[in-house]
Amino acid sequence: MRTLVEAINDALHHEMERDDSVLVMGEDVGRSGGVFRVTAGLQERFGAERCVDTPLAEAGMLGTAVGLCMVGWRPVVEMQYDAFSYPALDQLITHVGRYRWRSGGKMALPVTIRMPYGGGVRAPELHEESPETYYVHTPGIKVAIPSNPADAKGLLAAAIRDPDPVVFLEPKVLYRSDREAVPEGEHHIPLGRARVARDGTDATLIAYGAMVRVACEAAALLDAEGVSAMVLDLRTLRPLDEDALLESARSTGRVVIIHEAPRTAGFGAEIAAIIAERALLDLHAPIERVTGYDVPFPHWRLEDVYLPSAERIANAVRRTLEY
Amino acid sequence: MNTIESIEVAAGAPDRAIRRVIGDGATRPDRQLDAISSEALLALHRDMVLLRVFDERAVGYQRQGRIGTYAIFWGHEAIQAGAHFTLCADTDWVFPSYRESAIGVLRGLDPATVLAWWRGHPAGWWNPLEHRLGAIAVPIASQVPHAAGVAWGLRLRGDPGCALAFFGDGATSEGAFHEGVNFAAVMNAPLVLICNNNGWAISTPIERQTRAAALADKALGYGIPGVRVDGADVLAVLEATREAVARARAGEGPTLIEAVHYRIAPHATADDPRLYRDDERAEQERSRECLARYEGYLQRQGLLDESAARGTREHASEVVRRAMREVERLPDPDPAAVFDTTYAVPPAELLRQRELALGPARGAPA
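Residues numbered from 1 in each chain as written. Chains lettered and ligands numbered in written order. Predicted model: local features only at pLDDT ≥ 70, side-chain atom pairs only at ≥ 80, totals over all residues. Heavy atoms only, no water.

A. Examining the overall build of chain A more closely. Scanning chain A for helices and strands turns up 12 helices and 12 strands. Taking 2.2 N^0.38 as the reference for a compact globule, 323 residues should give roughly 20 Å; the C-alpha atoms of chain A span a radius of gyration of 19 Å, in line with that estimate. Residues counted as buried form 65% of the 323 residues belonging to chain A. Across chain A, contacts joining residues at least 24 apart in sequence account for 80% of those joining residues at least 6 apart. (Helix = DSSP H or I, 4+ residues; strand = E, 2+ residues; numbered from the N terminus. Rg over C-alpha atoms; globule rule 2.2 N^0.38 Å. Buried < 20%, exposed > 50% of the residue type's maximum accessible area, 1.4 Å probe, protein only. Contact = heavy atoms within 4.5 Å.)

B. Spatial organisation of the overall build of chain B. Assigned secondary structure in chain B consists of 13 helices and 7 strands. For 366 residues, the compact-globule estimate of 2.2 N^0.38 gives 21 Å, and chain B sits close to it at 21 Å. Principal-axis analysis of the C-alpha atoms places the extent of chain B at approximately 70 × 55 × 45 Å. Expressed as a percentage of its 366 residues, the buried residues of chain B come to 56%. Here the contacts in chain B between residues at least 6 apart in sequence split such that 76% fall between residues at least 24 apart.

C. Main features of the sheet that holds strand β12 (residues 288-292) of chain A. Residue and element names in this part refer to chain A. The strand order across the open sheet formed by 5 strands is β7-β9-β8-β11-β12, and the pairing between neighbours is mixed. One side of each edge strand has no neighbouring strand; the edge strands of this open sheet are β7 (195-198) and β12. Direction aside, the axes of adjacent strands within the sheet are offset by 25 degrees on average. (Pairing = 2+ DSSP bridges. Axes fitted to C-alpha atoms, helices over the stretch in contact; angles between N-to-C directions.)

D. Molecular detail of helix α6 (residues 175-186) of chain B. All names here are of chain B. Between its terminal C-alpha atoms α6 stretches 16 Å, which fits the 16 Å expected from 12 residues at 1.5 Å a residue. Every buried residue belonging to α6 is among A176, F177, E179, G180, V181, F183, A184 and A185, and all of these are buried. One or two positions beyond α6, positive phi appears at N188, with a value near 50 degrees. (Expected span 1.5 Å × (residues − 1).)

E. Summary view of the packing of aromatic side chains. Counted according to the given criterion, the structure contains 18 aromatic pairs over all chains. Taking 6.0 Å as the distance between ring centres and 15 degrees as the angle between the ring planes, the aromatic pair formed by B:W93 and B:F95 counts as stacked. Feature note: the residues A:F36, A:Y81, A:F84 and A:Y175 constitute an aromatic cluster, connected by ring pairs. Looking at A:R102, its charged tip hangs above the ring of A:Y99, at a distance of 4.8 Å from the centre. (Phe/Tyr/Trp six-rings, centres within 6.5 Å; stacked < 30°, edge-to-face > 60°. Lys NZ or Arg CZ within 6 Å of the ring centre and 35° of its normal.)

In structure tokens form, the structure reads like this:
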């Protein structure tokens, strides 16, 4: 039984043992094991040159990671918090997503960028962001977002082994919230496969990260009203499991998409477009999105106004039933 | 194992004096460089001539509409060839800015590839791993952290190689420059930083780019040595780079070399410097330009006569002409290249887009 932090730590230990070109780097990841202790024990076990404390410079971290890849390293770069990745966005868009293309498809950049993301932790501004759409929108980048410890271990293994760059977002509100069973040793979940977190027949709730749990809470509320909601955990935003997405949409005909990120041009808009393009005639109601708002993430005393709740999700489902 | 504790911090401020080797053929005598043979001096000349001829022909091709807008590097051959000459192509990496777009031809890259790049053709793409050569860096300074990472990564592997990063005076204002140099310094990376200070970032003169008296002064802030050389003196560039490469290989970390000269030509074929500066200074500098200056030196050493110089130039012209003929014979690029080079295995949604654009799968990507 492990928490999310422990499962990710387990994956890092396993991957570094398995492949001695894996190199972990970031601020405070080495000697102190990371501000959330996700990289605990790595420097003791593998040394200061494989678990590296870097200067405070996110663009420099990602830029040097590009160079490390060119000479055979497989860097796993930690951004200390979601928003701290913003200074690295230039290197991500300009180079990390692009260098394979720039080499005519010949050169790989097998870098993994991991970061705690999302809200619900009562933190100051720029510690509770959901930046996933910036990454998905960047050609050449893959994005994986686990919702539970076992998936975190398996998806991170896949991310690290991928020849292409992967951004791995860890829902920090779940870091220590629960212990769950996590397979020991080798555990690998391919990117691009969604998971049905809960079966249902009347409505489909599509979510990822911390919102999977909230969607399941909403499904429990609806259960009491005799409404059976399925919860689909996307797990990977790119590559996206479109088959699972469409099958789940068609099977119920009522879709509610949930994410913390701001509404406009959030990933929900993309999912809605895909379903509208390819499953329109199977829908019984317009697609609903329950999301954050087009505002900066609020001061934490107001964050519950912003974050999708089980009640907001249940209301959205009720709207699809009343349509 | 190198640790922070074992690195000695560079003592004192960098020397502001601009180092020269080649004399002026009148009052200031030539210095002699050790450990460089006549053959090497002539090979260096051939490198400079190849770059010069490439650039002159490229400007002509642009005017004829045979390549697109082009970043001119006339007058920068001393910096490019002089620094590059010190490297070992089997182990050392080069990260060019767009100003050094053709530097790969000095390490076996086909000039046709560079011309194809300026023609917007995918045949202009190269695999950095093949020639240890970063892509032509279009964004400013962002290649400095890449070079730092390569150098750091080589040291971690116990590899004897080093990395050379080129960037301009304007680039030193970008955050990426700062972060890359700082990383390289802290990680004791075998990185040699060549700052091409040609006095201009398009229309922005150096005085509006920095308040520092010399760009080499920034080295003090990173705890690394800083050296200033005359950027139009190929042997001064070579000497300083050679020392920096030796320091890097000995595990002493990065060096910042500021090569000071004047951008005689326009920034690019679309640029008109008369809009923002006086021609007079450019014309003065043209009379002391780096290739003629080096040829004067070689003549004084009795190593080059006019007929030999002409022969070298003709050979270079033929190399570049052949490359351009080859590029113009290239078939139109395969539209599949738009889709097939972004991921190792394209995601399903991208394959669908490919199908929409190109029709049903004409051979799945590898």
